[in-house]
Amino acid sequence: MVEQNLLLLLVLTPFISAALAATLPVGSRNAETWLAGLTMAVALGILAVLYPAVAEGGRIIGEFEWADSIGLDLTFRIDGFAWLFMVLVAGIGMLVILYARYYMGPDDPVPRLYSCLLAFAGSMAGLILSGNIIMLVVFWELTSLVSFLLIGYWFHRQDARDGARMALVVTASGGLCLLVAMVLIGQIVGSYQLDDVLKAGTKITAHPLYPVVLILFLLGAFTKSAQFPFHFWLPNAMAAPTPVSSYLHSATMVKAGVFLLLRFHPALGGTDAWFQIVTGIGLITLLLGAFVALFKHDLKGMLAYSTISHLGLITALAGIGTPLAVIAAVFHIVNHAVFKASLFMAAGIIDHEAGTRDMRRLSGLAKFMPITASLAIIASAAMAGVPLLNGFLSKEMFFDAAYTHHNGSLLDNAAPYIAVLAGAFSAAYSLRFIITVFFGPKATDLPHEPHEPHHLMRLPVGLLVAICLAVGIAPQVMLGPWLESAAIAILGPDLPYYSLKIWHGVNAPLIMSIIAMSLGVLIYLLPRRWIDAGEEGPALMRALNFGAMFDPALHLFTKRLPQAALRLLSAHGLQAQLRAMVLMGMAGAYFALGPLEWNVPMPEVNSRELVFALLWIVGGACAIGAAWQAKYHRFAALVLMGGAGMVTCATFVWLSAPDLAVTQLLVEIATTTLLLLGMRWLPKRDQEIPGDEKFSPRLRRFRDLLIAVFCGVGMTAISLAVLLTKPGNSVGDWFLRHSYVEGGGTNVVNVILVDFRAFDTFGEIAVLAIVGLTVYALLRRFRPAPESVERPRPQLEAEEQALESYLFVPAVIMQWMFAPIIALAAYLFFRGHDLPGGGFAAGVTFAIGLLLQYVAANVRWVEARLTILPVRWMGAGICIAAATGAGSWIFGMPFLTTHYQYLDIPMIGKVPASTAMLFDLGVFSLVVGAIVIMLIAIAHQSLRVAPRTRPSDAEEKE
Amino acid sequence: MELILAIAIGILTGSGVWLLLRPRSYQVIVGLCLLAYGVNLFIFAMGRLYVGAAPIMPKGGFVDPTAYADPLPQALVLTAIVISFATTALFLVVMIASRGITGTDHVDGKERSQ
């Protein structure tokens, strides 16, 4: 069990550290480095502990219950292959973190970088260790997201934003394809567990859906690993800081695609389609990447294309799929990660110290920075595949696999030639890098005088280069057992014979290597001037620029096509849309209710209901009047609407709903205030809108009137039908019976809100908080229409008479009312559990109390005396509610379980005390905050637009 | 009683819908408020009508559910009232912001003739 928990820790630790790293102060570079470095060290430590269990074909599977009721578990598994990959992620991660400490400039906000790097390490760990294929896709997409954040780290730069977006669009779309593939695989196999899937290889390949699954799966893997024709995102991702390029875009994340190919090789591989597509694409990418890299003048661009090329190599090996090819692929994953990470870091050092990455300007750097130069030269020799270095060995194995594999197809026959040619280009661009950057005359026009970097910045490069050498000289000692464990994890225990040695005698791969090397030297040296001075890449490659096609394609798919669809499918304008919605609602109601039996008896109206009828004659007249007047007489409409509201409120009182009546009354006040405040910003409507009385508007109004009348009649019919039938058993009965016994309150409505259905209420108040914040945010940038800026006429006149005297008596009364209203709010709050009242009503009351102060005096007067922080009220409210809910977890109960008892307080008597009351306190606080923030935000607009210059102030100045 | 309330719901809904289909944003706001009254009353009416039977329980003892109004629709409507206030506020702010930006109070941000 310890091992399982360690496995979980391996995934969780980076995320926890990422959260911590994000909270550190902006300048704390050393603390960040220590935190992140230690996290990686912990991961490496865990991996060291786990190694005995995964060596020689062992594996650990940890299952953690997550959402048991719907069968979702977190499954993590580690075997030799995943272990080796994790060592890369944690090991290179640690070096990159050290390197980044010295690479990042003093102005760069490092917490964001480290936090993202750690989150990336966590996502990568999750991806590698997932034992469930859906979970794997989730982590897969998470790596794309973090990569997006990291590429866009310098978000003030256009190229960083574009590169980040492109990378996200390409890799995340691939991830979606992968998700579909995984769902299909899960359906075919009948299980989403990775182990079951890997065992069901024959079942999947024989299934009729196999081609679909394969294509979708490969789309996912190829987009991530930058395979042709999706390779274009990787060079654009080089806008990221160099530590990021070194970590994500050469060593680990881009390897996720090939990791997946190798991981799923037992399940999906071994077919002819697999070989043709994977090897074919791999070889094209290999050659194309190597070819383009030769013509790149930007160091990072060259390295990016070289990475694409090497990923193509690994993909081709995965496509060949023989045991030896798979072993070579794993070996090359490690080797490439090591030398390419070191090269990226070296390129970063050159950029950092010399101020440019342009190979046309860099020259003779070996004289400025001899140690870095020697390290970079060794690393690029490994990239070229020079003997005694690790790149040589895995390249030999690749040549061997390409040479010995035979199935008679055209692709298979072409493979050795493509391999040699790509090897030649690879040697050529490595040579170009070494010669142009480090040798030749000393560069004179560099932005900085180059010098050796801080020794700790060079240390990661040195370590990686040392590994290159060590693996290259003694491969069996360095990597032998690890590689074997990884290979067993993919291929099963019966590995064919292979040997990791430098010298196998003179054989075909060696001859191919020699040809490639000499050809490479020729390729570079002969047209050297032309390459060094020429444009980036031959004309054909520039024409085939997929990156440039990306933007128009994106524009087409995210703008032009949707717009065309919108034109075709949507109703034009809000009115048409609302009309369509209303008509659809009516049609829905008709088809749902029309077929029912409608034998509704006509009810009698007796004399006792006369008052009620009179009430609604007034109410109905108000509603119709409001509808009539809303266009030209807004204030009248508001008053009439308030009338309808009052009648509704009275209806609630009449029909045994005191809680509703209280709330309705209070909300009515708040709504009216709100609309009064808002009305000031609307255009004056003292003359008729032109063309309003023509025939077509009249026709439109008539049609809408018809719709409205039908809606009204329909609602009357439905209500009547329901009201005149006997109710069946209602859930309400249960609430009535249990409210006191289980909720400890006698006011059932309140008990439902804060106890039985408290989670719903929690959602409601969250909505309220969101609306409050949205209102606030929308109004922060509010600009009024020019003609509304002027202060309204009545207000100006009032100011001339001095507002204070004009409203003096009411203002004093309103100020006096402040304390009684707060007392009323408290009263409503405390009686809420047993009698009508509660958090909602108390909150609105309190807010109105505050609001009255604003009405009574001017804003500045109030705010000089009262500190009102509505956002804190809201924050406190939602925290109290959530904490009350979470508190029940401590006692092992589900979220929002309440506890209650009656307390006997001297002088006051028995007082209900329950945790539901605390929850209600949260509701109260949130409602206060939300209403106050909305009203004050609107009221403040007047202040911002027209700064108050009172006559008295003006006089004082004179 | 039932008939009156049903007609009231119909009138409120009808007025609300008519205003909802109008071109001026203020009309739409008033319409939404009226519609909210109608819909709240409608939901409330689903629990049937009781006079003088507020759902306030005695402390302990036997409870006869038929003697009290159904509390469930009331609880639903209570939150609906608060939420409809919030949406009114939101819409009002969108309205005045849109009015500031576009210079018109037409719901589409431009007059029909333009």
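Cut-off values and rules
Residues numbered from 1 in each chain as written. Chains lettered and ligands numbered in written order. Predicted model: local features only at pLDDT ≥ 70, side-chain atom pairs only at ≥ 80, totals over all residues. Heavy atoms only, no water. Helix = DSSP H or I, 4+ residues; strand = E, 2+ residues; numbered from the N terminus. Buried < 20%, exposed > 50% of the residue type's maximum accessible area, 1.4 Å probe, protein only. Contact = heavy atoms within 4.5 Å. Lys, Arg positive; Asp, Glu negative; His and termini not counted. Charge placed at Lys NZ, Arg CZ, Asp CG, Glu CD. Areas by Shrake-Rupley, 256 points an atom, 1.4 Å probe, with all protein chains shown as cover. Domains from an automatic or database assignment. Pairing = 2+ DSSP bridges. Expected span 1.5 Å × (residues − 1). UniProt positions renumbered as here; feature names shortened; annotations may be inferred. Core = buried A, V, L, I, M, F, W, Y, C linked by side-chain atoms within 4.5 Å. Axes fitted to C-alpha atoms, helices over the stretch in contact; angles between N-to-C directions. Parallel < 35°, antiparallel > 145°, perpendicular 65-115°, else oblique. Left-handed = near helix turned anticlockwise from the far one by under 90°. Nonpolar A, V, L, I, M, F, W, Y, C, P; charged D, E, K, R; others polar. Phe/Tyr/Trp six-rings, centres within 6.5 Å; stacked < 30°, edge-to-face > 60°. Salt bridge = Lys/Arg side-chain N within 4 Å of Asp/Glu carboxyl O. Disulfide = S-S within 2.5 Å.

Here we come to the overall build of chain A. The helix and strand tally for chain A stands at 44 helices and 4 strands. Taken along the three principal axes of its C-alpha coordinates, chain A extends 115 × 75 × 75 Å. Expressed as a percentage of its 958 residues, the buried residues of chain A come to 54%. In chain A, once contacts between residues fewer than 6 apart in sequence are set aside, the share between residues at least 24 apart is 79%. Separation of charge centres in chain A, based on 60 positive and 61 negative side chains, amounts to 7 Å.

Attention now goes to the overall build of chain B. Regarding its fold elements, chain B presents 3 helices and 0 strands. The order of α-helices and β-strands along chain B, N terminus first, is α-α-α. Taken along its principal axes, the extent of the C-alpha atoms in chain B is 70 × 30 × 15 Å. Counting all 114 residues of chain B, 67% fall into the buried class. For chain B, the share of sequence-separated contacts (at least 6 apart) that also reach a separation of at least 24 residues comes to 55%. Of the roughly 3,600 Å² that chain B leaves accessible, carbon and sulfur atoms contribute 67%. Both charge centroids of chain B, one from 7 positive and one from 6 negative side chains, sit 10 Å from each other.

Attention now goes to the domain arrangement of chain A. Examined at the domain level, chain A breaks down into domain 1 (2-551) and domain 2 (657-682 + 732-949). Centre-to-centre, using C-alpha coordinates, domain 1 of chain A lies 56 Å away from domain 2 of chain A.

This part covers the pairing of strand β1 (residues 60-67) of chain A. Residues and elements named next belong to chain A. Of the strand pairs in this sheet, β1 and strand β2 (residues 72-78) are connected by 7 bridges, and their pairing is antiparallel. Residue pairing across strands places Gly62 opposite Phe76, the latter belonging to β2. Between β1 and the antiparallel strand that follows it, β2, lie 4 residues; Gly71 among them carries a positive phi value of about 70°.

Moving on, we come to helix α21 (residues 455-473) of chain A. Helix length check: α21 of chain A (19 residues) gives 26 Å between terminal C-alpha atoms against 27 Å at 1.5 Å per residue, within 8%. For α21 of chain A, every residue scored as buried is listed here: Met457, Arg458, Pro460, Val461, Leu464, Val465, Cys468, Val471 and Gly472 of chain A.

Residue and element names in this part refer to chain B. Mapped onto the present numbering, the UniProt feature "transmembrane region" (unreviewed entry) falls at residues 6-21, 28-51 and 71-97. End-to-end, the C-alpha atoms of residues 6-21 are 23 Å apart, and along that stretch the chain is 94% helix and 0% strand. Secondary structure within residues 28-51 divides into 75% helix and 0% strand; the distance between the first and last C-alpha atoms comes to 34 Å.

Under the UniProt annotation, the feature "domain: NADH:quinone oxidoreductase/Mrp antiporter transmembrane" (unreviewed entry) is placed at residues 130-405 of chain A. This span, residues 130-405 of chain A, is 78% helix and 0% strand, and a straight line between its end C-alpha atoms measures 32 Å.

Counting residues in each nonpolar core, the largest one holds 209 residues, and the members touching the most others are Phe217, Phe264 and Leu268 of chain A. In terms of residue count, the dominant contributor to this core is helix α16 (residues 323-354) of chain A (21 residues). The next biggest cluster of nonpolar side chains, apart from the first, holds 131 residues, and it includes Ala930 and Ala937 of chain A together with Phe42 and Ile81 of chain B.

Glancing now at the packing of helix α1 (residues 2-23) of chain A against helix α4 (residues 110-129) of chain A. All names here are of chain A. For the pair α1 and α4, the least separation of the axes is 8 Å and the interaxial angle reads 165°. Here α1 lies roughly antiparallel to α4, going by the angle between them. The element α1 and its partner α4 pack so that their crossing is left-handed. Every residue of α4 that contacts α1 at Leu7, Leu10, Val11, Pro14, Phe15, Ser17, Ala18, Ala21 and Ala22 is listed here: Pro111, Tyr114, Ser115, Leu118, Ala119, Ala121, Gly122, Ser123, Ala125, Gly126 and Leu129. When the residues that make up the contact of α1 with α4 are grouped by side-chain class, the tally is 15 nonpolar, 5 polar and no charged.

Here we come to helix α28 (residues 610-629) of chain A. For α28 of chain A, which comprises 20 residues, the first-to-last C-alpha distance of 28 Å matches the rise-based estimate of 28 Å (1.5 Å per residue) to within 8%. Within α28 of chain A the residues assigned to the buried category are Phe612, Ala613, Trp616, Gly619, Gly620, Cys622, Ala623, Gly625, Ala626 and Ala627 of chain A.

Our focus in this paragraph is the packing of helix α9 (residues 210-224) of chain A against helix α14 (residues 272-294) of chain A. All names here are of chain A. One can describe the packing of α9 onto α14 by two numbers: an axis separation of 11 Å at closest approach and a directional angle of 20°. Taken as axis vectors, α9 and α14 run roughly parallel relative to one another. For the crossing formed where α9 meets α14, the hand is right-handed. In this structure, α9 contributes Tyr210, Leu214, Ile215, Phe217, Leu218 and Phe222 to the contact, and α14 contributes Ala273, Trp274, Ile277, Val278 and Ile281.

This brings us to the packing of aromatic side chains. All names here are of chain A. In total, this model carries 28 aromatic pairs over all chains according to the counting rule given. Aromatic side chains Tyr51 and Trp83 sit 4.5 Å apart centroid to centroid with 45° between the ring planes, which places their arrangement in the tilted category. On the criterion of sequence distance, the pair formed by Tyr51 in helix α2 (residues 29-54) and Trp83 in helix α3 (residues 80-103) is long-range, its members being 32 residues apart. Accessibility expressed as a relative area gives 4% for Trp83, which makes it buried.

Residues and elements named next belong to chain A. On inspection of all chains with the given rule, the structure shows 16 salt bridges over all chains. When the shortest N-O distance is used, the salt bridge between Arg77 and Asp79 registers 3.3 Å. Residue classification places Arg77 among the buried positions, given a relative accessible area of 4%. Its salt-bridge partner being Arg579, residue Asp704 comes within 3.6 Å of it at the nearest N-O pair. Here Asp704 is found in helix α31 (residues 695-723), whereas its partner Arg579 is found in helix α27 (residues 573-593), with 125 residues between them in sequence. Taken individually, Asp704 and Arg579 each receive the classification buried, so the pair is uniform in this respect. When salt bridges with common partners are traced through the structure, they connect Arg59, Arg77, Asp79, Asp195 and Arg263 into a single cluster.

For the rest of this paragraph, the subject is the side chain of Ser25 of chain B. All names here are of chain B. Secondary-structure assignment places Ser25 in helix α2 (residues 25-45). Taking relative accessible area as the criterion, Ser25 reaches 6% and is therefore assigned buried. Those residues in contact with Ser25 that sit more than four places away from it in its chain are Phe91, Met95, Asp105 and Val107.

Between Phe228 of chain A and the following residue, Pro229 of chain A, the backbone shows a cis peptide bond with an omega angle of 0°. Considering the arrangement of structural elements, one finds Pro229 of chain A in the loop between α9 and α10 (233-236). The backbone phi angle of Ala226 of chain A is positive, close to 55°, even though this residue is not glycine. Tracing the sequence through the fold places Ala226 of chain A in the loop between α9 and α10. The phi dihedral of Arg48 of chain B falls on the positive side, at around 70°, and the residue is not glycine. Tracing the sequence through the fold places Arg48 of chain B in the loop between α2 and α3 (71-102).

Glancing now at the state of the cysteines. This structure, assessed with the given rule, holds 0 disulfides over all chains. Looking at Cys33 of chain B, it has no disulfide partner, and the nearest cysteine sulfur is the one in Cys622 of chain A, 14 Å off. The buried category is assigned to Cys33 of chain B, whose relative accessible area is 6%.

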